[in-house]
Amino acid sequence: MSAPKKLFIKTYGCQMNVYDSERMAEALGGEGYVETKSPDDADMILLNTCHIREKAAEKVYSELGRFKGLKAEKPDLKIGVAGCVAQAEGQEIMRRQPLVDLVVGPQSYHRLPEMEAKAREGEKVLDTDFPEEDKFEKLKNRPKAKRGPTAFLTVQEGCDKFCAFCVVPYTRGAEVSRPADRILREAQDLVERGVREITLLGQNVNAYHGAGPNGDMTLAQLIWELDKVDGLERIRFTTSHPNDMQDDLIEAHGTCAKLMPYLHLPVQAGSDKILKRMNRAHTAESYLRLIERIRAARPDILISGDFIVGFPEETEADFQATLDLVEEVKYGTAYSFKYSTRPGTPAAERPQVDPKEADDRLQRLQALLTTQQREVQDSMVGRDVTVLFEKAGRFPGQMVGKSDYLHAVHVADCDRAIGDLARVRILSSGANSLAGALID
Ligand code: SAH
Ligand code: SF4
Ligand code: F3S
């Protein structure tokens, strides 16, 4: 038997890309590939790319350039580009970078085995279709390998919201939900392989409306079905849109014990003028009222968010409204970005904010968010949390895991194994993590 071929995948962007990279590795696993951690000994290199901001997209070209030497040494090496840059700029990539043998969009991963075979014969292959067939069904021939205690599971993909700054509706296509029975089967399979915590993924996950036994199901209904899966201990989901935060989902945060007290609910900006121009279809006030209702259902919930500063026509007063909103919400974590012009999106054509001004706003926003994050993390000291252990720590006897609130927690003198859940008393709060001790 010939030695297995080696596959190196580098993943950029969001959690869905992480999930997709696993699926691509499985699809090529059926073709005799095993994964390697280094591009140097790879027979195939795949870059799973992100198009959300200009910097992210440009990274792909510089990364590809670095493989020139490798390809010269090893003419049989195949190089592929997958993900959202592949979808948006497939032809352009082929033209700009002759090293590339294969371009595959996010909806065509299940066709990778055939594409790989063609590339092996020296063909250049590009597939950025939005095919009719269900790629998830075609990707089922996965090996039953044991895996770590946490996993992602895509339940919904694509977006119909068309925020004026965002490429996702173009790169991931229209919003589609997977049928519930397939998700439940996949969850069951993950649990059999050692998974204790599943994060349900979707670009607009709370708009989930997949087919169930009695018609379409909501995300909350799906979560209640997952709640029945023995051995599955924790459920999370991301990313939600404020306008799809339905009553039954808010209620589930108060009543479903397996649903973790953490919610990523991006607002993007605090000025109604800017929200309107972003095509967000909610106001600052409606967002704040929504947060109130969620906290009424689950008072200790940790709220996380995304922000864009320097969106076209954002004034200092508009930016101040973002700071005011942040002050009111008190975020446990947050991601903030300087607006990046994306060709083909409506906002790209509008008057842009001076980049220096935008940099300055980003720094001020991040300073506030960091302070809040710190305060929320520090407020955990003295409290008892449940930790799911994910790996050994740096010191002998130390284990590291995540609390219900998704804080990293280090526990010394810990006799628990990876995948165990334990009650832990939080003793101190460090730069990016908490430290605690097991409660017997
Ligand atoms: N579907 C999710 C996340 C989309 S992308 C949602 O609706 O919130 C993740 C984040 O990237 C967004 O929430 C937004 O804050 C940021 N983002 C998207 N497009 C951007 C752009 N053109 N410039 C800067 N940040 C952007
Ligand atoms: Fe992009 Fe999210 Fe807006 Fe959809 S809802 S367009 S994914 S920011
Ligand atoms: Fe990036 Fe595509 Fe995700 S653009 S954020 S990889 S959906």
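As the structure is a computational prediction, the values presented were derived from the model and not from experiment.

Participant: Can you tell me about the packing of aromatic side chains, naming the residues and giving the values?
Facilitator: Throughout the structure, instances matching the rule amount to 4 aromatic pairs. Between the aromatic rings of F165 and F311, the centroid separation amounts to 6.2 Å while the plane-to-plane angle is 85 degrees, which identifies the pairing as edge-to-face. With F165 in the loop between β8 (156–157) and α7 (168–171) and F311 in the loop between β15 (302–309) and α13 (316–329), this pair connects stretches of sequence that are 146 residues apart. For the pair F165 and F311, one class covers both residues: buried. Considering the side-chain rings of F311 and Y339, the 5.4 Å spacing of their centres and the 75 degrees angle between planes classify their relative orientation as edge-to-face. Pair noted here: F311 is in the loop between β15 and α13 and Y339 is in the loop between β16 (333–338) and α14 (355–378), with a separation of 28 residues, a long-range link. A single burial state applies to F311 and to Y339, both of which are buried. Taken together, the ring pairs in this structure connect F165, F311 and Y339 into an aromatic cluster. Residue placement shows R23 over the ring face of Y19; its charged tip is 4.3 Å from the ring centre. Sitting over the face of the ring of Y61, R96 holds its NZ or CZ atom 3.6 Å from the ring centroid.

Participant: Help me get a handle on the pattern of salt bridges, residues and values and all.
Facilitator: On inspection of all chains with the given rule, the structure shows 39 salt bridges. As a salt-bridge pair, R111 and D127 come within 2.8 Å of each other at their nearest N and O atoms. Residue R111 is located in the loop between β5 (102–104) and α5 (112–120), and its partner D127 is located in strand β6 (residues 125–127); the two are separated by 16 residues in the primary sequence. Just as R111 is buried, D127 falls in that class too.

Participant: Tell me about helix α2 (residues 54–65), residues and numbers included.
Facilitator: Helix length check: α2 (12 residues) gives 18 Å between terminal C-alpha atoms against 16 Å at 1.5 Å per residue, within 8%. A56, A57, V60, Y61, E63 and L64 are the residues of α2 that are buried. Down the axis of α2, the buried side of the element spans an arc of 165 degrees, and every buried residue falls inside it.

Participant: Would you mind going over the sheet that holds strand β10 (residues 197–201) in detail, with residue names and values included?
Facilitator: Strand order in the open sheet formed by 3 strands is β7-β10-β13, and the pairing between neighbours is parallel. Of all the strands in the sheet, just β7 (150–154) and β13 (234–238) have a single pairing partner and so form its edges. On average, each strand axis in the sheet is tilted by 25 degrees relative to the strand beside it, whichever way the strands run. Note: β10 against β13, 5 bridges, orientation parallel. Within β13, the position partnered with I198 by the bridge is I235. Each of β7, β10 and β13 touches helix α1 (residues 15–29); the most contacted strand, β7, lies at about 95 degrees to it.

Participant: Describe α13, and please don't skip the residues or the numbers.
Facilitator: Taking 1.5 Å as the rise per residue, α13 with 14 residues should run 20 Å; its terminal C-alpha atoms sit 20 Å apart, in good agreement. Just downstream of α13 lies K330, where phi reads positive at about 65 degrees.

Participant: Tell me about the side chain of T345, and please be specific about residues and values.
Facilitator: Note on placement: T345 falls in the loop between β16 and α14. There is a polar contact of 2.6 Å between the side chain of T345 and the backbone oxygen of R342. Once residues lying within four places of it in the same chain are set aside, the contact partners of T345 are A164, F165, C166, V167 and Y170.

Participant: Which residues make up the domain arrangement of the protein, and what values do they have?
Facilitator: The domains assigned to the protein are domain 1 (5–127), domain 2 (135–377) and domain 3 (384–438). Spacing between the C-alpha centres of domain 2 and domain 3 amounts to 26 Å. At the junction of the two partners, domain 2 supplies 15 residues and domain 3 supplies 20 residues. For the domain 2 face of the interface with domain 3, the top three residues by lost area are P149, R234 and Q377, together amounting to 43%. Across the contact surface, domain 2 and domain 3 share 10 residue pairs in polar contact (both at pLDDT 80 or more). Among the elements of the structure, β13 and α14 are those that each provide at least two residues to the side of domain 2 that touches domain 3. A class-by-class count of the residues in the side of domain 2 that touches domain 3 yields 6 nonpolar, 2 polar and 7 charged.

Participant: So, the nonpolar core: which residues are in play, and what are the values?
Facilitator: Among the nonpolar cores identified, the biggest contains 67 residues, and L200 and Y331 are the most heavily contacted of them. When residues of this core are assigned to their parent elements, the largest contribution, 6 residues, is made by helix α12 (residues 284–297). Among all residues touching L200, those that are not within four sequence positions of it are L153, V155, V205, L219, L222, I223, L226, I235, R236, F237 and T238. Membership of the second largest hydrophobic core comes to 23 residues, among which are A42, L47, A57 and I79.

Parameters and conventions
Residues numbered from 1 in each chain as written. Chains lettered and ligands numbered in written order. Predicted model: local features only at pLDDT ≥ 70, side-chain atom pairs only at ≥ 80, totals over all residues. Heavy atoms only, no water. Phe/Tyr/Trp six-rings, centres within 6.5 Å; stacked < 30°, edge-to-face > 60°. Helix = DSSP H or I, 4+ residues; strand = E, 2+ residues; numbered from the N terminus. Buried < 20%, exposed > 50% of the residue type's maximum accessible area, 1.4 Å probe, protein only. Lys NZ or Arg CZ within 6 Å of the ring centre and 35° of its normal. Salt bridge = Lys/Arg side-chain N within 4 Å of Asp/Glu carboxyl O. Expected span 1.5 Å × (residues − 1). Arc of directions from axis to C-beta. Pairing = 2+ DSSP bridges. Axes fitted to C-alpha atoms, helices over the stretch in contact; angles between N-to-C directions. Contact = heavy atoms within 4.5 Å. Polar contact = N/O pair within 3.5 Å; in protein donor to acceptor, adjacent residues only side chain to side chain. Domains from an automatic or database assignment. Buried area = accessible area lost by both parts, 1.4 Å probe. Nonpolar A, V, L, I, M, F, W, Y, C, P; charged D, E, K, R; others polar. Core = buried A, V, L, I, M, F, W, Y, C linked by side-chain atoms within 4.5 Å.

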